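Architecture at a glance
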Amino acid sequence: MGGLLELNGVTKRFGGIVAVKELSIKVNEGELVGLIGPNGAGKTTVFNLITGLYPVDEGRIIFNGEEITPLKSYEIIRKGVARTFQNLRLFPRATALENVMTACQNHLRYSFLEACLHMGRWRRYESAIKDESMYYLEKMGLKERAFQRAGTLPYGHQRRLEIARALALKPKLLLLDEPAAGMNPEEVAELSELIVDIHREFKLTTMVIEHHMDLVVGVCPHVICMNFGEKIAEGTPNEVMNHPEVLRAYLGEEV
Amino acid sequence: MPTYIEGIIILTCINSIAAMGVSLLTGFTGIFTLGNAAYMAIGAYTTAILTMKHNLHWLPSVILGGLLAMAIAYLIGIPTLKLMGDYFAIASIGLGETVRLIIENWEPVTRGARGFPGIDSFTTLPVALTFFIILTWITFNLIKSNYGRAFKACRDDYLAASLLGFNTAKYRILSLSISALYCGIAGGLFAGFMTFLQPTMFDLQKSTELTAVVVFGGLGSLSGTILGTTIITLIIELFRPISQYRMLIYGAALVLVMIFRPEGLMGEKEILSLIRGMGRRGEHGRPT
Amino acid sequence: MESLIQQIINGLSLGSVYALIAVGYSLVYSILLFSNFAHGGFLVTGGYICYYMLTLTNNNIWVAGALSLIGAGLSAIATERLAYKPIREKTNLTLYLLIASMGMSIVIENFWVIMAGGRFRALPPVIPTYPIRIGSITISFFDILVFLITIAFLTGLEFFLQRTRWGLAIRAAAYDLRVAGLMGVNVNKLISLVFFLAGLLAAVSGIFLSVRYTLYPQLGFITIKAFVAAVVGGLGSLRGAVIGSLILGTAEMLTAGFISSQLRDVVVFGALVVTLLFKPTGLLGKAISEKV
């Protein structure tokens, strides 16, 4: 049986630099996968390739049995992929609630005419969108912050809001790009719990990029390590942590 | 013929309709335009030609003018809206100038630079008010819907928007088309108010004015746009006796607003929500 | 054949006037990343200063010209200091700068409407415009002069940018203004210098245009064509701006000469549309991509 997400020999070059080299990854349905590697290993590039932000130079990406390599970002998202960003990309001037509502409307659609005249499905769907958004905010512990502008929220809350917004897309696959970046140890611990909770509760296949190994090791049963655009190790956290290539990659850069 | 006061109110309604179109495009979708007077021109000349040369009733003429402007905007939008930022603004200047040049040179149809006289005076106060109220209602509805949120998402971060599943190109084209429809209808009503058209009425200055009132009122505030239009229309009328200083003041005001209150009169807020603001704050401040 | 060569020379002359405008406009764009719509105002200011100085100095074009260049350069600095500096210090949204520049363009235009009146003025005949004959071709001495002076100014600018410390700083700032600031470049001084250069070049073109056509407050509108040239050549690229200007000027004069003078503007905007459709970054523009 094929996995939910498969990368087959994916290569991406920027000018003369090979950012991702013949990468093959398989993520099965329901898995929680950690993607680790030193700075500049090409982790975020992998996410950008999956979500169609960069065109793939070589290889194929298959999602849910369908090839998504040539699709545009919004088409890939509509197939059931959601992601967060390393440097937050919230709508800072909109409220937390509006941020999540914007994502909710992808599956609660009504026509242009209904929107202009506030008739038909408008009332029913708008209140459904609102309720659903509040639900996701509550899940992420942000209910009290619903009417605050996203840009004025504390940093840790903004990170969680971005996850709430991604969940509101009702994805099959969630990609989290360094969700713990800039957080203190307490917040990181809280976040690890949250990620495990989400994964369990929504039965959501999740891929986490992390620079901090401790978070990944504690949370992800399946870990992939990259360096210089190549996969250098894959397996359980223990296997990967003790892999000589991984040790070299990390010890070479930081202890 | 309308009285002087009636005239000012009619002009405010017409300008507001056009400005609401630009507001949707610039204020809510974040696409900066300097060519929307072209769509007013298309609406105005279509209405004039249909009513005068083909004896069509003014109402379908105005609506057809709006739809033609919309169709042209749609065709122009497909290639040009791929351009971001200043590029589209410059492209829109090019478009505006091209439309003006075509009207000036297509004499058999548009009567060229000397102008198109003798249009029926059909834009009475009730007509202008009816159009204004209906279109205002629709625009407010639109921004308080999934389309409004989609436009704003494209404005605030088009990349994040496309990664929330929005076809940003489609929404940008939609926004331009709607703004052209509004400007086209405003142009048609303008033809029926002035009874005389000239290509220079729809020059770069007019396009700039449309964008300026939107910025003045506050980008992302529809009531701000209407308020801004009203104030600017009144200023232009009241300062008419000192017309050379009028433009100087207008230009300086634009600069001063950008320096001291770049968010415009209303910021991103609507008048109604400001009034309701107090009550709402109390409501949500309660511990839950 | 003769008329073809004549029109091409005409076109290159017009194109070099556009180039003077487009280069200044591009220079500002490359540093601050916004379209300065007040650029036409610098041109008109240069034209009027030259006009009034000619009457004061008994038609001494050297003095009047120099004062006009300096005056327009200073007016550009003043515009930046009064209108743009307070905005760029507060926000990095270029939209506000764009609108402020529209405001300043209206202010400068109407300042001259009030000061000089709206009527058309001809510069006294201080710059020779008599025809000269080379073989069977008749060309205006003025066109040659415009072309040569433009080359001189653009070479001077190139020399300044490539060989001087401030030129190096400007090139660094075009690459990344913030980083240039971190490297110890006085950013405000640098921006003033860029505006001075832009105003100075605009004044040269303003004098040429006043001789070629006439001088009036709305003369600045012609900068739209230079903007188009800058876009065709690639926004932010100075070489691109020059190439785009020469192409546009030649295309315009050829259209006016062989098809119809009413269509000359249509050709300009047609070139804009074609560029934006097929190569939106222009002939020499750099593609901009965003880091995610």
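What you see is a predicted model, and the numbers here were worked out from it, not measured in a lab. (Residues numbered from 1 in each chain as written. Chains lettered and ligands numbered in written order. Predicted model: local features only at pLDDT ≥ 70, side-chain atom pairs only at ≥ 80, totals over all residues. Heavy atoms only, no water.)

Regarding the overall build of chain A
Of regular secondary structure, chain A possesses 10 helices and 10 strands. For chain A, whose C-alpha radius of gyration is 19 Å, the value lies close to the compact-globule estimate of 18 Å for 255 residues. With respect to the three principal axes, the spread of C-alpha positions in chain A is 60 × 40 × 35 Å. Of the contacts formed within chain A by residues at least 6 apart in sequence, a portion of 68% connects residues at least 24 apart. About 11,200 Å² of surface is accessible on chain A, with carbon and sulfur atoms providing 51% of the total. Taking the average location of the 30 positive side-chain charges in chain A and that of its 33 negative ones, the two points are 8 Å from each other. (Helix = DSSP H or I, 4+ residues; strand = E, 2+ residues; numbered from the N terminus. Rg over C-alpha atoms; globule rule 2.2 N^0.38 Å. Contact = heavy atoms within 4.5 Å. Areas by Shrake-Rupley, 256 points an atom, 1.4 Å probe, with all protein chains shown as cover. Lys, Arg positive; Asp, Glu negative; His and termini not counted. Charge placed at Lys NZ, Arg CZ, Asp CG, Glu CD.)

Some remarks on the nonpolar core
In this structure, L161 of chain A, Y39, L197 and F202 of chain B together with Y84 of chain C are the most contacted members of the largest nonpolar core, which totals 245 residues. Sorting elements by how many residues they give to this core places helix 8 (residues 187-212) of chain C first, with 15 residues. When near neighbours in sequence (up to four residues on either side) are disregarded, L197 of chain B contacts A44, Y45, A48, G115, F116, I119, F190, A191 and F202 of chain B. Core analysis: the second largest hydrophobic core is formed by 28 residues, V27, V33, L35 and I76 of chain A among them. (Core = buried A, V, L, I, M, F, W, Y, C linked by side-chain atoms within 4.5 Å. Buried < 20%, exposed > 50% of the residue type's maximum accessible area, 1.4 Å probe, protein only.)

Side note on the side chain of T98 of chain B
Residue and element names in this part refer to chain B. In this fold, T98 is placed in helix 4 (residues 86-105). The exposure class of T98 is buried, given its relative accessible area of 18%. Polar contacts involving the side chain of T98 include one to the main-chain carbonyl oxygen of G94, which spans 2.6 Å. (Polar contact = N/O pair within 3.5 Å; in protein donor to acceptor, adjacent residues only side chain to side chain.)

A closer look at a nonpolar patch on the surface
Residues and elements named next belong to chain B. On the surface, a cluster of nonpolar side chains totalling about 520 Å² of accessible area is made up of L227, L265, I271, L272, L274 and I275. If you tally residues by element for the nonpolar patch, the top one is helix 13 (residues 271-285), at four residues. Tracing the backbone through its elements, the reader meets L227 in helix 11 (residues 222-238). (Patch = residues over 30% accessible without salt bridge, like charges linked within 9 Å, V, L, I, M, F, W, Y side chains within 5 Å. Salt bridge = Lys/Arg side-chain N within 4 Å of Asp/Glu carboxyl O.)

Remarks on the sheet that holds strand 6 (residues 81-83) of chain A
All names here are of chain A. The six strands lie next to each other as 6-7-8-3-9-10, forming an open sheet whose pairing is mixed. Sheet topology places strand 6 and strand 10 (230-235) at the edges, where each strand pairs with a single neighbour. Neighbour-to-neighbour, the strand axes of this sheet turn through a mean angle of 20°, independent of strand direction. Sheet analysis places strand 3 (residues 32-36) next to strand 9 (residues 222-227), joined by four bridges and oriented parallel. (Pairing = 2+ DSSP bridges. Axes fitted to C-alpha atoms, helices over the stretch in contact; angles between N-to-C directions.)

Looking at the packing of aromatic side chains
Summed over the entire model, instances satisfying the criterion amount to 23 aromatic pairs over all chains. Taken together, a centroid distance of 5.0 Å and an interplanar angle of 5° make the contact between W58 of chain B and F122 of chain B stacked. Highlighted residues: W58 of chain B in helix 3 (residues 58-80) and F122 of chain B in the loop between helix 5 (107-110) and helix 6 (125-143), separated in sequence by 64 residues. Exposure remark for F122 of chain B: the relative accessible area of 7% places this residue in the buried category. Summarising the aromatic geometry, the rings of F37 of chain C and F227 of chain C are spaced 5.6 Å apart at their centres and angled 65° between planes, so their arrangement reads as edge-to-face. Residue F37 of chain C is found in the loop between helix 1 (2-32) and helix 2 (39-56), and its partner F227 of chain C is found in helix 9 (residues 223-233); the two are separated by 190 residues along the sequence. By relative accessible area, which is 12% here, F37 of chain C ends up buried. Judged by its relative accessible area of 2%, F227 of chain C falls in the buried class. (Phe/Tyr/Trp six-rings, centres within 6.5 Å; stacked < 30°, edge-to-face > 60°.)

Quick word on the interface of chain A and chain B
Of the residues lining the interface, 34 residues belong to chain A; the matching set on chain B comes to 28 residues. Between chain A and chain B, a total of about 2,900 Å² is buried, with carbon and sulfur atoms accounting for 58% of that surface. The interface formed by chain A and chain B contains three salt bridges. Residues R149 of chain B and E126 of chain A are paired through a salt bridge, measuring 2.9 Å at the closest nitrogen-oxygen approach. Every element with two or more residues in the side of chain A that touches chain B is listed here: helix 2 (73-78), helix 3 (96-104), helix 4 (112-117) and helix 5 (122-139) of chain A. (Buried area = accessible area lost by both parts, 1.4 Å probe.)

So, the pattern of salt bridges
All names here are of chain C. Scanning all chains against the criterion turns up 29 salt bridges over all chains. Where K85 meets E89, a salt bridge forms, and the shortest distance between an N and an O atom there is 3.4 Å. Of the two residues, K85 and E89 are both situated in helix 3 (residues 61-90); the distance of four residues between them amounts to about one turn of the helix.

Brief notes about the sheet that holds strand 5 (residues 66-67) of chain A
Strand pairing in a sheet is mediated by backbone hydrogen bonds. Such pairs are either parallel or antiparallel. All names here are of chain A. Pairing is antiparallel in the open sheet, where four strands are placed in the order 2-1-4-5. Each edge of the open sheet is held by one strand with a lone partner, namely strand 2 (17-27) and strand 5. Bridging between strand 1 (residues 5-14) and strand 4 (residues 58-63) involves five bridges; their strand directions are antiparallel. Opposite L5, over in strand 4, you have F63 as the bridge partner. Strand contacts of helix 1 (residues 43-50): strand 1, strand 2 and strand 4, with the helix running at about 110° to strand 1, the strand carrying the most contacts.

A few points about the environment of L11 of chain B
All names here are of chain B. Examined against the element boundaries, L11 turns out to sit in helix 1 (residues 4-28). The class of L11 is buried, set by a relative accessible area of 15%. The spatial distance from the C-alpha of L11 to the C-alpha of T123 is 9.9 Å, given a sequence separation of 112 residues. Excluding anything up to four places from it in sequence, L11 contacts F190, F193, T233 and E237.

Focus on the interface of chain B and chain C
Contacts between the two partners involve 35 residues from chain B and, on the opposite side, 40 residues from chain C. For the pair chain B and chain C, the two sides together bury roughly 3,400 Å², of which 79% comes from carbon and sulfur. Taken as a group, D86, Y87 and I90 of chain B account for 19% of the area that chain B buries against chain C, more than any other trio of residues on that side. Joining chain B to chain C, the criterion identifies zero salt bridges. Across the contact surface, chain B and chain C share one residue pair in polar contact (both at pLDDT 80 or more). At the level of secondary structure, the elements contributing two or more residues to the side of chain B that touches chain C comprise helix 4, helix 8 (158-162), helix 10 (204-217) and helix 12 (243-260) of chain B. It is helix 12 of chain B that contributes the most residues to the side of chain B that touches chain C, 12 residues altogether. Looking at the side of chain B that touches chain C residue by residue, the classes come out as 25 nonpolar, seven polar and three charged. (Nonpolar A, V, L, I, M, F, W, Y, C, P; charged D, E, K, R; others polar.)

Quick word on unusual backbone geometry
Within the chain, F228 of chain A stands out as a residue other than glycine whose phi angle is a positive 45°. A relative accessible area of 65% places F228 of chain A in the exposed class. Even without being glycine, N58 of chain C reaches a positive phi, approximately 60°. Along the chain, N58 of chain C turns up in the loop between helix 2 and helix 3. In this structure N58 of chain C comes out as exposed when scored by relative accessible area, which is 71%.

Concerning the pairing of strand 9 of chain A
Residues and elements named next belong to chain A. Counting buried residues along strand 9, six of its six residues qualify, which places the element largely inside the surrounding structure. What you see with strand 9 is no split at all: H222, I224 and M226 on one side and V223, C225 and N227 on the other are buried throughout. Here five bridges tie strand 9 to strand 10, and the two strands are oriented antiparallel to one another. Residue pairing for strand 10: N227 is matched across the bridge by E230. Where strand 9 folds back on strand 10, the antiparallel hairpin that results is connected by two residues, among which F228 adopts a positive phi of roughly 45°.

Topic: the confidence of the model for chain C
Of all residues in chain C, 97% attain a pLDDT of 70 or more, and the chain-wide mean is 88. Our summary of model confidence lists the complex with pTM equal to 0.86 and ipTM equal to 0.89. (pLDDT = per-residue confidence, 0-100.)

Comments concerning the domain arrangement of chain A
All names here are of chain A. Structurally, chain A comprises domain 1 (1-80 + 172-255) and domain 2 (92-170). Of note, the centres of domain 1 and domain 2, computed from C-alpha atoms alone, are 27 Å apart. Contacts between the two partners involve 19 residues from domain 1 and, on the opposite side, 15 residues from domain 2. In total, domain 1 and domain 2 occlude about 1,200 Å² of area from one another, counting both sides; carbon and sulfur atoms represent 68% of this. Viewed at the interface, domain 2 and domain 1 are joined by two salt bridges. (Domains from an automatic or database assignment.)

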